[in-house]
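Report on the structure
So you can see what is in the structure, the chains are spelled out below.
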Amino acid sequence: MATTNVTGSLVLKRLKKGKVVYLSLNATGRPLMQEYNPDNGNVSPDFGVAANQPVITPDVSVGDGSKASITSGQWTYNNVPITFGSTATGGWLTSTGAGMEGKFMLNSSTWELKIVKNIAGPNNMDTDTFGFTASGEADGVNYEVKGSTEFLIVRPGESSYVITIYVESGDAVITDDDDTVKLRAYVSVGGIEKNGMTVKWYREDGKTDVKNQNGYSATIGRDDVVGAGMIYARLYSDPNATTVLATAGYEVRDVKDEYDIVVSVAEDSKASEWDGKTPITVKGVLYRMSGGEAVAVETNASQWKHEFRSSAKNTDCGEATGNPVEIGAQQWKDAEEYENLIDFASCTITK
C-alpha cells in the first residue's frame, strides 16, 4: 500500500452531469506586477511599451482533460465590470468607462485581457484583483464558473528583490494532449528588471527540486504535481548562496490525476471574508475522478492538513490539521494589511 498527498486550492463548480469545470487565469508573456517608486514616480515595467504588456488568458477545462468553450464572459477590475467599445482593432476591443478608458484590451475571439496602460501610480499602490466569469458548453452541458487573480504592486522600499512567475507559453493545466506547463520567473531589483541571478524551482513541499528547470524557466511535468500543486521559485544571488532573497509560487493543475480536492468556505461559516475578528471556516472535499466525473470520497479529520500563506509575498502564515478548520487572527497576523490569505489543503490517502 502506498500513501500520497492530494492537494488543492482552487474553487471548482460541478455541472449537472457530475462533470467538473476548472477555470484558470494565466499570466502569459509578462507577470502580473508593477513596481512604483513614490520618490521619483518611476513605474516598472512600463505597460506603454508593447513588449511589456501582460496578457491574462482564461482557460476552461473539464475534469476529463477536454477543453470547454467560452461563449460569453465578463472581466472585472477590483470587482468593477470592465466595459469595451464595439470597434475592434486587430481583433482587440478597447476598454471604456471612467478610470478604465484605454487601459485594457479584450481579444474578442479568445477572451484574453491585455493591460496596455500603467496600473501602479501615486493613487494606486496596493494589490489589485482581476476577475472573470465564463459561461459556455462543456461536453453538451451549459456551465458558469468564476475565477480571479491578483495584480501585485510593489514599492521598491518595501522589497529590494522581487520575483514573480508567469506562464511562458500555453496554460497552467496538464492534460493528455499537453503533458507539461512552461513557467518563467520575472526578477527585479530596486524596480529594474534583472537577469543573471540564480532561480531554483521546487515542488509544493518546498524541498523537492522540479526535475526540468533551467535558470529563470522551468518545465513542469506530471511527476511534479498531484492533482493540483504550487510550484515555487526561490531567488538567490548566485548558485552557491544559501540566503533566499525572494520567493514566488504558481499553481499548476493536472486534470488527469485520479484524485482532486475542492476547498471552499463552509456553509455554516460565520464569515466569508476576514473582517479582523470573525473566523472563517473552510472545508476541503476529496473527489475521485473517473472519466471526468467527480465522486466525493469519505475522509476523516486526521487525514487533512491546511497550510496558510499570504497571497502577495507568500509569507508562511502557519498550518492546521483537521477538516473543517477555522482561519482567524492567528493565521492573518503574519500577512500584510493589503494581502489575502491562501489555504493550501492536502489530504493523505492510501491506495
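Note: the structure precedes this text.
All values derive from a computational prediction rather than experimental measurement.

1. Details of the pattern of salt bridges
Side chains carrying opposite charge are able to pair once their charged atoms draw close together. Counted by the stated rule, this structure contains 6 salt bridges. A salt bridge links Glu193 to Arg30; the nearest nitrogen and oxygen atoms lie 3.2 Å apart. On the criterion of sequence distance, the pair formed by Glu193 in strand 18 (residues 192–193) and Arg30 in the loop between strand 3 (20–28) and strand 4 (33–36) is long-range, its members being 163 residues apart. According to the relative accessible area criterion, Arg30 is buried, its value standing at 11%. We note a salt bridge from Arg309 to Glu307, for which the minimum N-O separation is 4.0 Å.

2. Overview of the packing of aromatic side chains
Counted under the stated rule, the structure contains 8 aromatic pairs. Judged by centre distance (6.3 Å) and plane angle (55°), the rings of Trp111 and Phe132 are tilted. Taken together, the residues Trp111 in the loop between strand 11 (104–107) and strand 12 (113–115) and Phe132 in strand 13 (residues 128–138) connect sequence positions 21 residues apart. Each member of the pair, Trp111 together with Phe132, is buried. Ring plane angle 5° and centroid distance 5.6 Å describe the contact between Trp274 and Trp332, whose orientation is recorded as stacked. With a gap of 58 residues between them, Trp274 in the loop between strand 24 (259–265) and strand 25 (280–290) and Trp332 in helix 1 (residues 329–332) connect regions that are remote in the sequence. Residue class for Trp274 comes out partly exposed when judged on its relative accessible area of 25%.

3. Here's the deal with the nonpolar core
Residues Trp75, Phe104, Phe130 and Tyr143 are the most contacted members of the largest nonpolar core, which totals 38 residues. The element that contributes the greatest number of residues to this core is strand 14 (residues 141–154), accounting for 6 residues.

4. Some remarks on the pairing of strand 23 (residues 246–254)
Among the 9 residues in strand 23, 7 count as buried, and that is most of the element. In this structure, strand 16 (residues 173–174) lies alongside strand 23, joined through 2 bridges in parallel fashion. By the bridge assignment, Val173 is partnered in strand 23 with Arg253.

5. Things to note about unusual backbone geometry
Ser44 connects to Pro45 through a cis peptide bond whose omega is -10°. Its location among the elements puts Pro45 in the loop between strand 5 (43–44) and strand 6 (55–62). Phi is positive for Asn78, close to 50°, though the residue is something other than glycine. Checked against the element boundaries, Asn78 lands in the loop between strand 7 (69–77) and strand 8 (80–81). Despite not being glycine, Asn79 has its phi angle at roughly 70°, a positive value. Considering the arrangement of structural elements, one finds Asn79 in the loop between strand 7 and strand 8.

Cut-offs applied
Residues numbered from 1 in each chain as written. Predicted model: local features only at pLDDT ≥ 70, side-chain atom pairs only at ≥ 80, totals over all residues. Heavy atoms only, no water. Salt bridge = Lys/Arg side-chain N within 4 Å of Asp/Glu carboxyl O. Helix = DSSP H or I, 4+ residues; strand = E, 2+ residues; numbered from the N terminus. Buried < 20%, exposed > 50% of the residue type's maximum accessible area, 1.4 Å probe, protein only. Phe/Tyr/Trp six-rings, centres within 6.5 Å; stacked < 30°, edge-to-face > 60°. Core = buried A, V, L, I, M, F, W, Y, C linked by side-chain atoms within 4.5 Å. Pairing = 2+ DSSP bridges.

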